[in-house]
Structure formats: structure tokens, C-alpha cells
Amino acid sequence: METLPPETNLVLYFVAALALPALLVLAVSLAKNRRFHPGDVFVASRLSRGNRIFPTQVAVTPTSVIQFKPQWLGRQEHSIHISHVASVSIDTGLLLSDVIIETSGGSEPIRCHGHHKGDATRMKQLIEQYQTQRASAPATEVAATEGGATRDCPFCAETIKAAAKVCRYCGRDLPPA
Ligand SMILES: [Zn+2]
């Protein structure tokens, strides 16, 4: 086998030096963009501003709405309890929709940016459906949740029942008490 001229080696090193970080970036973004939550998760369109590399994910659970934004270092997570949702509105642009969730607790509204229209409608429907379910739940059910021993969720710091296996606020699996 004939040896390559030194210039070719240089080019090869150069290509490798460029390709390695690119592969690393790809691997990190693939790992970070996995669905962060089971159930109904809505991923923002990569066409929208701020969503190209790490699209924001929004999980709608029977107890809470969680907005999840991966970052190069760590992640950002913002959740509100279903019972604190005051209203859900959809702001539709030319291609994509924003879902704006106003809260009653005085905390900042969650603005879910850049969703497909169908997803936005589904998010609104789900949230309103869970709100109705909660409102019509028998009072004894709510009382049972409120009574008894409690502890703080290690993930979202909300107060939950000591025997809970899943956090009712953030929906995560909990270590045994
Ligand atoms: Zn929690």
C-alpha cells in the first residue's frame, strides 16, 4: 500500500477534527430530546424560534402541565397544577400555534411556543378535560388526598402523601418513603 502524501494526512486530520464535535453534538441532542415524560407529550416544531436544537416538550397529565426545555447543560422545567390553570388560549400564526396557559395563583403564564395546530387544540382539550374531571371528583376523594401523613416530592418539592408512589404534581415515580 502506498503511503499518502503528507497533505492528505493533514486534510484527514482536519476532517476528523470537524466531524468529532459534530457527532458529539448529535449524540447529546438525541439523548436530550427523548420524551421526558410518559403519556401525552407535545413537542414544539423545530421550525419555530428557539426550538431548533432542543425543542420544548409539554406534558399534560391529569394533575399538572409540565413544560420541559433541555439545554446543553442541564434543563429547564416549569410545572403548574391543573387546579391552578385559569384559562387556556391558542394564538395561531401562519403555520404554528402558541398555547398560553394562564394561572390563577399569580405565577407567570406558561407560553408553549411553536406547536402544530392539531397539537395545540389537543393540549387545550386535554387540560380542560382534566380540569372538569377534577372539579367533578367527589369531595371525599380530595379530602383523602389532603389528609394523612405527607412528605415533600424530591423532584418538585410539592407536598404529597407519604405513601404515594407517583407524584401527583409532577407525575414522577417516587422512591419509597
Ligand atoms: Zn413532584
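What you see is a predicted model; the values in this text were computed from it and never measured. (Residues numbered from 1 in each chain as written. Predicted model: local features only at pLDDT ≥ 70, side-chain atom pairs only at ≥ 80, totals over all residues.)

1. What to know about the sheet that holds strand E6 (residues 97-103)
Okay, so step 1: One open sheet accounts for 3 strands, arranged E5-E6-E7; its pairing is antiparallel. On the outer flanks of this sheet lie strand E5 (85-92) and strand E7 (110-115), each paired with one strand and no other. In this sheet, neighbouring strand axes are inclined to one another by 15° on average, regardless of whether the strands run parallel or antiparallel.
Okay, so step 2: Where E5 and E6 come together, 7 bridges link them in antiparallel fashion. Paired with Ser87 across the bridge in E6 is Glu102.
Okay, so step 3: Sitting on the sheet, helix H2 (residues 117-136) touches E5, E6 and E7, and the angle it makes with E5 is about 165°. (Pairing = 2+ DSSP bridges. Helix = DSSP H or I, 4+ residues; strand = E, 2+ residues; numbered from the N terminus. Axes fitted to C-alpha atoms, helices over the stretch in contact; angles between N-to-C directions. Contact = placed C-beta atoms within 7 Å.)

2. Comments concerning the environment of Gly118
Okay, so step 1: Of note, Gly118 is situated in helix H2.
Okay, so step 2: Sequence spacing of Gly118 and Asp98 is 20 residues, and the spatial spacing of their C-alpha atoms is 11 Å.

3. Comments concerning the sheet that holds strand E2 (residues 57-60)
Okay, so step 1: Strand order in this open sheet of 4 strands is E1-E2-E3-E4, and the pairing throughout is antiparallel. Lying at the two open borders of the sheet, with one neighbouring strand each, are strand E1 (40-43) and strand E4 (75-81). Within this sheet the neighbouring strands show an average axis-to-axis angle of 15°, counted without direction.
Okay, so step 2: Pairing analysis gives 7 bridges linking strand E3 (residues 64-70) to E4, with the strands arranged antiparallel. Looking at the pairing, Ile66 lines up with Ser79 of E4.
Okay, so step 3: Where H2 meets the sheet, it contacts E1, E2 and E3, and its direction lies at approximately 30° from that of E2.

4. Comments concerning the confidence of the model for the protein chain
Okay, so step 1: Of the residues in the protein chain, 91% reach a pLDDT of 70 or more, and the chain-wide mean stands at 86.
Okay, so step 2: Within the protein chain, E2 carries the highest mean pLDDT (93), whereas helix H3 (residues 139-146) carries the lowest (53). (pLDDT = per-residue confidence, 0-100.)

5. Remarks on the domain arrangement of the protein chain
Okay, so step 1: Domains assigned within the protein chain are domain 1 (40-136) and domain 2 (139-177).
Okay, so step 2: Using C-alpha coordinates to define each centre, domain 1 is positioned 23 Å away from domain 2.
Okay, so step 3: At the junction of the two partners, domain 1 supplies 6 residues and domain 2 supplies 5 residues.
Okay, so step 4: Of all the secondary-structure elements, those providing two or more residues to the side of domain 1 that touches domain 2 are E3 and E4.
Okay, so step 5: Across the side of domain 1 that touches domain 2, the residue classes break down as 1 nonpolar, 5 polar and no charged. (Domains from an automatic or database assignment. Nonpolar A, V, L, I, M, F, W, Y, C, P; charged D, E, K, R; others polar.)

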